Amino acid sequence: MKSFIRSFAYALNGLKNCLLKETNFKIHIFCFLLVITCSWYFKISAIEWICVLLSSALVMSMEMLNTAVEKLCNVVHKEMHPGIKIIKDIAAGAVLLSAIIAAICGAIIFIPKILLLSNSINLS
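Let me begin by describing the structure that accompanies this report.

Conventions used here
Residues numbered from 1 in each chain as written. Predicted model: local features only at pLDDT ≥ 70, side-chain atom pairs only at ≥ 80, totals over all residues. Heavy atoms only, no water. Phe/Tyr/Trp six-rings, centres within 6.5 Å; stacked < 30°, edge-to-face > 60°. Buried < 20%, exposed > 50% of the residue type's maximum accessible area, 1.4 Å probe, protein only. Helix = DSSP H or I, 4+ residues; strand = E, 2+ residues; numbered from the N terminus. Expected span 1.5 Å × (residues − 1). Contact = heavy atoms within 4.5 Å. Core = buried A, V, L, I, M, F, W, Y, C linked by side-chain atoms within 4.5 Å. 1 Å grid on protein atoms, 1.4 Å probe; cavity = no way out; pocket = protein on both sides within 12 Å on 5 of 7 lines; lining within 4 Å. Points joined across faces, edges and corners; volume = space filled by probe spheres on them. Nonpolar A, V, L, I, M, F, W, Y, C, P; charged D, E, K, R; others polar. Salt bridge = Lys/Arg side-chain N within 4 Å of Asp/Glu carboxyl O. Patch = residues over 30% accessible without salt bridge, like charges linked within 9 Å, V, L, I, M, F, W, Y side chains within 5 Å. Areas by Shrake-Rupley, 256 points an atom, 1.4 Å probe, with all protein chains shown as cover.

### Some details on the packing of aromatic side chains
Then comes step 1: The full count for this structure, using the stated rule, is two aromatic pairs.
Then comes step 2: Judged by centre distance (5.0 Å) and plane angle (85 degrees), the ring pair of Tyr41 and Phe42 falls under edge-to-face.
Then comes step 3: The buried category is assigned to Phe42, whose relative accessible area is 19%.
Then comes step 4: Feature note: the residues Tyr41, Phe42 and Phe110 constitute an aromatic cluster, connected by ring pairs.

Written as structure tokens, this is what we have:
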């Protein structure tokens, strides 16, 4: 039980580290809070909430993994190295891919709601 609690504390420490020190993670958190606010405002369905939360969790998790890979690469090889660059680029690409897919999911969910709101404002 002690090791479980300790591993949970380590995980929270990693999350805290990203929240306090990683600019890109802060940007993802800001976007997440914006999306949550929009989700609440537009009263999205349960399935839409699941899509929003899973997409957001995927992007933030990928950002954390990218950060971990970058830090590990910097420990392994401090100077510029072509192999390390490829590894870092692939990890960054994983974040980008997840963010693009999350944005597409968000567009599918929110654009119709925004258009409906826009039309109702224009009719008034």
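### Topic: helix H3 (residues 46-76)
In an α-helix, one full turn covers 3.6 residues, which means residues spaced three or four apart are oriented alike.
Then comes step 1: Taking 1.5 Å as the rise per residue, H3 with 31 residues should run 45 Å; its terminal C-alpha atoms sit 44 Å apart, in good agreement.
Then comes step 2: Regarding H3, the residues found buried are Glu48, Val52, Ser55, Ser56, Val59, Met60, Glu63, Asn66, Thr67 and Cys73.
Then comes step 3: Those residues of H3 that are buried lie in contact with helix H2 (23-41) and helix H4 (82-123).

### Focus on the nonpolar core
Generally speaking, nonpolar side chains in soluble globular proteins are found buried as a group.
Then comes step 1: The biggest cluster of nonpolar side chains holds five residues, and these are Phe42, Ile44, Val52, Ile109 and Phe110.
Then comes step 2: Filtering out sequence-adjacent residues up to four positions away, Phe110 remains in contact with Val35, Cys38, Ser39, Phe42, Ile44 and Val52.

### Some points on the layout of surface pockets
Then comes step 1: Computed from the structure, the largest pocket encloses a volume of approximately 320 Å³.
Then comes step 2: Of all elements in the fold, only H2, H3 and H4 reach the threshold of two or more residues within the lining of the largest pocket.
Then comes step 3: Of the residues contributing to the lining of the largest pocket, the split by class is 14 nonpolar, four polar and no charged.

### Points about the pattern of salt bridges
Then comes step 1: Enumeration over the complete set of coordinates arrives at three salt bridges.
Then comes step 2: Where Glu22 meets Lys71, a salt bridge forms, and the shortest distance between an N and an O atom there is 3.3 Å. Highlighted residues: Glu22 in the loop between helix H1 (2-21) and H2 and Lys71 in helix H3, separated in sequence by 49 residues.
Then comes step 3: Using a relative accessible area of 16% as the deciding quantity, one classes Glu22 as buried.
Then comes step 4: Under the relative-accessibility criterion, Lys71 is labelled partly exposed at 44%.
Then comes step 5: Note that Lys113 and Glu48 form a salt bridge whose closest N and O atoms lie 3.4 Å from each other. You can see Lys113 sitting in helix H4 and its partner Glu48 sitting in helix H3, a full 65 residues away along the chain.

### Some remarks on a nonpolar patch on the surface
Then comes step 1: Taken together, Leu96, Leu97, Ile100, Ile101, Ile104 and Ile108 make up a surface patch of nonpolar side chains, about 580 Å² in accessible area.
Then comes step 2: Residue placement: Leu96 occurs in helix H4.

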